[in-house]
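# Residue-level structural notes
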Amino acid sequence: MDYDPMAMDEIESKGPVIKISQADTVRVKFELSNADISFANSLRRVMLAEIPTIAIDLVEIEDNSSVLADEFIAHRLGLIPLNAEGIDELQYSRDCDCEEYCDHCSVKLTLHARCTGDENMQVVARDLVPSGDRINRVLGTPIINESSDGLGPLIMKLRPGQEIKLSCIAKKGIAKEHAKWAAPSAIGFEYDPHNKLHHLDMWYETDAKLEWPPSEYADWEEPPQEGEKFDFNAVPDRFYFNVETAGNIPPDAIVTQGIKVIQEKLASMIKDLGETEGGENGDYNGPRSPEYNGGGGDGWQDQGFTTPYGNGGNQSSWGGGAGGTTPYGTTPYGGAGQDNGGW
Amino acid sequence: MAKSKSRTKAPQNADEDDVVMQELPTSHQPDVQDDASMAEANGEDDADIEDEEEVEDDTQRVRLLPGSTPTAASFEFLDEGHTLGNALRYIIMKNPDVEFCAYAIPHPSEPKMNVRIQTYEGTTAIDALQKGLKDLQDVCDVVSDKFVAAQKGFKKKSIPP
Ligand SMILES: [Zn+2]
């Protein structure tokens, strides 16, 4: 077992390398090289779907005389990006001790607008006012980009005399549950710009080379030589990421948070496995290997394959009970002589 | 009486059943029953089993599937998917003591991911899994450190002298 997981092949002898080519408030572009595609894809997936953020989850509408239906507005509110700084200190509502929600697991925002002029009025994200005791001064505040003249995303419009009054509860969540909790707005993920590995099959009218614009990373890698033979052993090892944010989490923080989420997954698995091994069968549900059983080898296997309710002895879990001749012969509901079916 | 009893018991030879069971794909093995039988064998009562099912968050998310031997085991991960599965499969296959490793998501509507590990003699599948998880942690540590370092380097470069 004496080997370095990151120094197995010649290609990977240096371990993973990261090069950043662009970084600002909206995006970070970086190249991950000397890594396997499985890891690169894990990072991409985890950044997209599993970084916790905050988004409006409950909307209580007090007054709505606009032309838009309540649920339509509620849906739009859910999609408004909210600042997620300090999200680590916010609890998931489902884990919180409170009844439904509280200051430890939610941020309350209120919206009240009435069109008093004689021209249509815009209701924007800036009109959402956070209230209550917050973990910090920014968590849950709508993101207002400079490009929107300090107004933020448009929520709805009101005609003269129309009014909207509602309160929202923003909760912590991940994009696996609903895309409104996505930390990045988009992630670019690309490798093998010259398609040397033939992972892509480019559709074309007459000539794929002319019709497909070269990737922005085409210059970073050697183009295929004239008449170059296909390398069956080649695997991708340079991955170009472009992590873009709507503003709720800075782009570089998305990357570090993503790695952190993977780490947490792994840590919980290691902990689980440790519990599996330790203790006198403890919480462990399944059959275990002899060495962890403390007993002999056969005892382990026999235990694994008996039904819990059967009439004792070593019975198949499939067929089960008394009347079972073939494993599939008896139905669980039929009266084939079973008191409790194997299924 | 004696006749029916013997007929009842005859096909229920443990060894025979084991063979049948092991030929079935693990996703088709009736694990629930096995769990309960295990609990029964350990002298736990029914209340404990129910409790285990009710508590959701603190339950085990990794489970050794029935039909496993020390060097050839299948594990079931709850609430995990390709994100962990593929990377774990890769890193476990890197281990020279591992003969075979693969992962599968048996059904898309069940939040389960299975990993099969077969090792050479001298180590166990559980050890290989543990090593795989730790190796993946190491990779994450390196990538994390390298990213932070690259960030600092980039900021330095972009500030004009
Ligand atoms: Zn709460």
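Residues numbered from 1 in each chain as written. Chains lettered and ligands numbered in written order. Predicted model: local features only at pLDDT ≥ 70, side-chain atom pairs only at ≥ 80, totals over all residues. Heavy atoms only, no water.

## Re unusual backbone geometry
Selection criterion: Here a strand is any run of E in DSSP of at least two residues, a helix any run of H or I of at least four, and the numbering for each starts at the N terminus.
Even without being glycine, aspartate 192 of chain A reaches a positive phi, approximately 50°. Tracing the backbone shows aspartate 192 of chain A in the loop between β9 (184-191) and α3 (208-211).

## Topic: the packing of aromatic side chains
The test is simple: When two rings of Phe, Tyr or Trp (its six-membered ring) have centres within 6.5 Å they constitute a pair, described as stacked for plane angles under 30 degrees, edge-to-face for angles over 60, and tilted for the intermediate range. When a residue's accessible area, from a 1.4 Å probe over protein chains only, is under 20% of the maximum for its type it is buried; when over 50% it is exposed; and in between it is partly exposed. Note on geometry: a ring has a charge over it if NZ (lysine) or CZ (arginine) is within 6 Å of the ring centre and within 35 degrees of the ring normal.
According to the stated counting rule, one finds ten aromatic pairs over all chains in the structure shown. With a centroid separation of 5.2 Å and an interplanar angle of 85°, the aromatic rings of tyrosine 217 of chain A and tryptophan 220 of chain A are classed as edge-to-face. Ring centres of phenylalanine 230 of chain A and phenylalanine 232 of chain A lie 5.0 Å apart, and the angle between their planes is 85°; this geometry places the pair in the edge-to-face category. A residue is classified by how much of its surface remains accessible, and phenylalanine 230 of chain A, at 36% relative accessible area, is partly exposed. A relative accessible area of 72% places phenylalanine 232 of chain A in the exposed class. Grouped by ring-pair contacts, the aromatic residues Phe30, Phe189, Tyr191, Phe239 and Phe241 of chain A together with Phe147 of chain B constitute a single cluster. Over the ring of phenylalanine 189 of chain A we find arginine 44 of chain A, and its NZ or CZ is 5.7 Å from the ring centre. For the cation-ring pair, arginine 94 of chain A lies above tyrosine 92 of chain A, with the distance from its terminal atom to the ring centre recorded as 4.4 Å.

## Describing the UniProt feature "domain: DNA-directed RNA polymerase RBP11-like dimerisation" (unreviewed entry) in chain B
Note the threshold: UniProt positions are given in the numbering used here, feature names are shortened, and annotations may be inferred rather than shown by experiment.
UniProt's entry tags residues 73-145 of chain B with the feature "domain: DNA-directed RNA polymerase RBP11-like dimerisation" (unreviewed entry), counted in the numbering of this structure. Taken end to end, residues 73-145 of chain B has its terminal C-alpha atoms 34 Å apart, with 47% of it in helix and 29% in strand.

## Side note on the side chain of lysine 171 of chain A
Residue and element names in this part refer to chain A. Going by this rule: The charge count includes Lys and Arg as positive and Asp and Glu as negative, but it does not include His or the ends of the chains. Salt-bridge detection follows one rule: a side-chain nitrogen of Lys or Arg within 4 Å of a carboxyl oxygen of Asp or Glu. Contacts are residue-level and defined by heavy atoms, with any inter-residue pair within 4.5 Å sufficient.
Relative to the assigned elements, lysine 171 resides in strand β8 (residues 163-173). Within the buried core, lysine 171 has no salt-bridge partner, and the shortest N-O distance to an opposite charge, that of aspartate 57, equals 4.2 Å. With near-sequence residues (within four places) excluded, lysine 171 lies in contact with Thr53, Ile54, Ala55, Asp57, Leu58, Ser93, Glu100, Tyr101, Cys105, Ser106 and Trp181.

## Focus: the coordination of the zinc ion
Residues and elements named next belong to chain A. Worth spelling out the cut-off: In this analysis a donor is any N, O or S atom within 2.8 Å of a metal ion (3.2 Å for sodium, potassium and calcium), and since water is not included, sites may seem incomplete. Irregular is the default label, applied whenever a site is not tetrahedral (four donors, all angles between 85 and 135 degrees) and neither square planar nor octahedral (four or six donors, opposite donors over 155 degrees apart, all other angles between 65 and 115).
Taken together, Cys96 (SG), Cys98 (SG), Cys102 (SG) and Cys105 (SG) make up the protein donors of the zinc ion, found 2.2 to 2.3 Å from the metal. Metal-centred angles of 100 to 116° between the four donor atoms at the zinc ion mark the site as tetrahedral. The sequence pattern describing where the donors of the zinc ion fall on their chain is C-x1-C-x3-C-x2-C.

## Details of the nonpolar core
Rules: Only buried residues count toward a nonpolar core, which is a set of Ala, Val, Leu, Ile, Met, Phe, Trp, Tyr and Cys residues joined through side-chain atoms within 4.5 Å. How far each domain reaches was decided by an automatic or database domain assignment.
Counting 81 residues, the largest nonpolar core has Phe30, Met47 and Phe241 of chain A together with Phe75, Phe77, Ile117 and Leu129 of chain B as the members making the most contacts within it. Broken down by element, the residue count for this core peaks at twelve residues, all from helix α6 (residues 125-158) of chain B. Residue contributions to this core reach at least three from each of two domains, namely domain 1 (1-49 + 184-191 + 215-220 + 235-285) and domain 2 (53-181) of chain A. The contacts of phenylalanine 30 of chain A, once residues within four sequence positions are left out, are Ile18, Lys19, Ile20, Ser21, Leu43, Phe239, Tyr240, Phe241, Val243 and Val255 of chain A together with Phe147 of chain B.

## Topic: the domain arrangement of chain A
Residue and element names in this part refer to chain A. Condition: Here the quantity called buried area is the total loss of accessible area, with a 1.4 Å probe, experienced by two parts when brought into contact, counted for both. Contacts described as polar in this section are N or O atom pairs within 3.5 Å, which, within protein, must combine one atom able to donate a hydrogen with one able to accept it, while residues neighboring in sequence count only if both atoms come from side chains.
Assigned domains of chain A: these are domain 1 (1-49 + 184-191 + 215-220 + 235-285), domain 2 (53-181) and domain 3 (287-322). Of note, the centres of domain 1 and domain 2, computed from C-alpha atoms alone, are 32 Å apart. If you look at the interface, domain 1 gives eight residues, while domain 2 gives twelve residues. When domain 1 packs against domain 2, close to 670 Å² is buried across both sides, 48% of that on carbon and sulfur atoms. The largest share of the area that domain 1 buries against domain 2 comes from Ala49, Ala246 and Asn248, three residues that together contribute 62% of it. Connecting domain 1 to domain 2 are one salt bridge. With its nearest N and O atoms 3.1 Å apart, the salt bridge here joins lysine 260 to aspartate 88. Connecting domain 1 to domain 2 are four residue pairs in polar contact (both at pLDDT 80 or more).

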